[in-house]
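# Breakdown of the fold
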Amino acid sequence: KKRFLLATGSASCFIPKMSESSKALECEGAAHEDGRGPSIWDTFSEKFPEKIMGGNNGSIADDSYNLYKEDVNFLHQIGFDAYRFSISWSRILPCGDLKGGINQAGIDYYNNLINHLLSKGVKPYVTIFHWDLPEALQHTYGGFLGAEIVNDFRDYAELCFQKFGDRVKHWTTLNEPFSVVHNGFTTGQEAPGRCSSFTNPNCTGGDGASEPYIVGHTSSSLMEPPSKSTEKMLALFLLCFGSVLLCFFTVTTLETGTVLNCDCVSHLLLCFQAIQKGEIGIALNTVWHYPYSYADKLAAARATAFTFDYFVEPIVYGKYPTEMVNHVKDGRLPTFTPEESSMLKGSYDFIGINYYSSSYVKDVPCATENITMSTDACVSIVGERNGVPLGPTAGSDWLLIYPEGIRDLLLHVKFKFDDPVLYITENGVDEASIGEIFLNDDLRIDYYAHHLKMVRDAILMGVDVKGYFAWSLMDNFEWAEGYTVRFGLVFVDFEDGRKRYLKKSAKWFRKLLKGEYNGTRQKVAVI
Ligand code: GBH
């Protein structure tokens, strides 16, 4: 196996692609510049300013739309060799679909960013969808609640491959479908803010009980199965929230370069992938769940089934986790047809893992009324045992620091899901914004050192981790937390022209990547 213990003298850096992440809404800003259409996050922050700390929005964010060259220079300066960012769907398709036209200024922006990255030796890892759905699609058919999303998403993805795939070889379809299902459609804390009125009196729509499962499944229009005679048959997986394969494609005699036989509705997409030879996957998140006591072991497994396995099991084994099937028996959990199931199986080149935090899980009796997706697992998630927290809390209340969790999650994926190729697509920690420039982020250095060590341990135990992306290059618009917390290695002064400053952690990474800690192995515990 291609592995990344790159031996350098006495020690080795185990990170093949030390990299940084960001995504459109959180960084790009320029929400209204150059023909970009509104996304559901623009309308959400207008409609529910009270749901975003500080009543803020991402309309300027880091202003990376204008300042991207500075960002790339930071990446280069620190020594990262890859950058994960997302494309803003409504920047290139302002109405979400092809009928509404392509915004050339948006295409130009991503071309410039990609070209600039490549000129500095930084590989682009592009996420097609990181939550900022075009408002037009939410408005017209309910976004991920509508079957139409399948075609629109396919057209959008196809456009991305067509415009950027000659240079972008690493694609992620969706970022954290679970976050959308949970925060967007169960608790309503994030866009589009749908939930059940009994959990949140301010909900303006939704039920928190059936909708989340529909969003998780989003049905597909099935295409003709590929012919048996094709030499190589690849199932392409534009996964709509991890559930549904949008399109089959067949590629004949690819190697000899003769016929590309792409015979489903939007076959071009598949042809692009086949020709461009990229890799594609999905980024999934969960906290890692530890049983509160021995009696809670099954509950902990169930909690993971409802957050994470929910999206992995369909693409690895073509079905939903047994725990979900057993606990959602009233018809709300959709099923896969045999065709969907066989298309889904194996429809990924890699699985991306976003890990931040861990929790304890207690088994609790299942709710009999006020059912939502959150009650279906019949668990209670807690951060402490006998008054002792699992780990220190970071800037966000939800982030308990527990490095072993990343190792345990990686081992879970390896052993339960057929040893897939993995990337850590996000891992990082935040501090509360204290209103002044704060660069001495020792907490972050400690966090990275310990988590990287755990990733190394997982690799030594045989987990196939191909790359690691720290979250995040820069402080940015942190969704419902607005600008009140900071995840960056680079400080951004939101009060003063979005000026950027390297934090201590960025300098630590620079040294790490240069191999300067080789002699102090025990101290930083990563190399
Ligand atoms: C990632 O999600 C996102 O992919 C990324 O965009 C984001 O910037 C990063 O985390 C840091 O937050 O308030 O208790 O309901 C990680 C999963 C989902 C964790 C939403 C925080 C809100 C918790 N996140 N969740 S709570």
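Below is a summary of the structure that appears in this document.

What counts and what doesn't
- Residues numbered from 1 in each chain as written.
- Predicted model: local features only at pLDDT ≥ 70, side-chain atom pairs only at ≥ 80, totals over all residues.
- Heavy atoms only, no water.
- Buried < 20%, exposed > 50% of the residue type's maximum accessible area, 1.4 Å probe, protein only.
- Helix = DSSP H or I, 4+ residues; strand = E, 2+ residues; numbered from the N terminus.
- Contact = heavy atoms within 4.5 Å.
- 1 Å grid on protein atoms, 1.4 Å probe; cavity = no way out; pocket = protein on both sides within 12 Å on 5 of 7 lines; lining within 4 Å.
- Points joined across faces, edges and corners; volume = space filled by probe spheres on them.
- Nonpolar A, V, L, I, M, F, W, Y, C, P; charged D, E, K, R; others polar.
- Pairing = 2+ DSSP bridges.
- Axes fitted to C-alpha atoms, helices over the stretch in contact; angles between N-to-C directions.
- Salt bridge = Lys/Arg side-chain N within 4 Å of Asp/Glu carboxyl O.
- Near = heavy atom within 4 Å.
- Polar contact = N/O pair within 3.5 Å; in protein donor to acceptor, adjacent residues only side chain to side chain.
- Areas by Shrake-Rupley, 256 points an atom, 1.4 Å probe, with all protein chains shown as cover.
- Sits in = over half its atoms within 2 Å of the grid points.
- Disulfide = S-S within 2.5 Å.

### Details of helix 2 (residues 40-47)
What helix 2 keeps buried is the set Ile40, Trp41, Asp42, Phe44 and Ser45. Where helix 2 is buried, its residues touch helix 1 (24-28) and helix 6 (135-141).

### Structural notes on the layout of surface pockets
When its volume is computed, the largest pocket comes out at roughly 1400 Å³. Lining the largest pocket are 50 residues, and of these His182, Asn183, Asn285, Val287 and Trp398 lie nearest its centre. Elements with a contribution of two residues or more to the lining of the largest pocket: helix 8 (177-185), helix 11 (297-317), strand 11 (350-355), strand 12 (358-363), helix 14 (373-376) and strand 13 (379-382). Taken together, the residues of the lining of the largest pocket break down into 21 nonpolar, 20 polar and 9 charged.

### Some words on the sheet that holds strand 10 (residues 288-291)
Across the sheet, 3 strands lie side by side as 10-12-13; this open sheet has mixed pairing. The two strands at the open ends of the sheet, each matched to only one other strand, are strand 10 and strand 13. For this sheet, the mean angle separating the axes of adjacent strands, direction not counted, is 40°. Two strands pair when backbone bridges link them, and strand 12 and strand 13 are joined in this way by 4 bridges, in the antiparallel orientation.

### Details of the pattern of salt bridges
Applying the stated criterion across every chain, the model contains 25 salt bridges. One salt bridge connects Arg167 with Asp166, and the closest N-O pair in it is separated by 3.0 Å. Taken together, the shared-partner salt bridges in this structure form one network comprising Glu431, Asp441, Arg444, Asp475, Arg486 and Lys503.

### Some details on the site of the ligand
Every one of the 18 residues lining the ligand counts as a neighbour, but Lys23, Glu26, Glu176, Glu478 and Trp479 are closest to it. Taking His130, its side chain carries an N or O atom lying 3.0 Å from an oxygen atom of the ligand. The separation between an oxygen atom of the ligand and a polar side-chain atom of Glu426 is 3.0 Å. For the ligand, the protein covers 79% of the area, taking 580 Å² as the surface of the free molecule. Spatially, the ligand is embedded in the largest pocket. Looking at the shell around the ligand, its residues break down into 6 nonpolar, 7 polar and 5 charged.

### A word on the state of the cysteines
On inspection of all chains with the given rule, the structure shows 1 disulfide. One disulfide in the model links Cys366 with Cys378; its S-S distance is 2.0 Å. The sign of the 105° torsion about the S-S bond sets the Cys366-Cys378 disulfide as right-handed. Placement of the pair is Cys366 in the loop between strand 12 and helix 14 and Cys378 in the loop between helix 14 and strand 13, with a sequence separation of 12 residues. Assessed through its relative accessible area of 43%, Cys366 is described here as partly exposed. Exposure remark for Cys378: the relative accessible area of 3% places this residue in the buried category. Between Cys27, a cysteine without a disulfide, and Cys160, which holds the nearest cysteine sulfur, the sulfur-to-sulfur distance is 17 Å.

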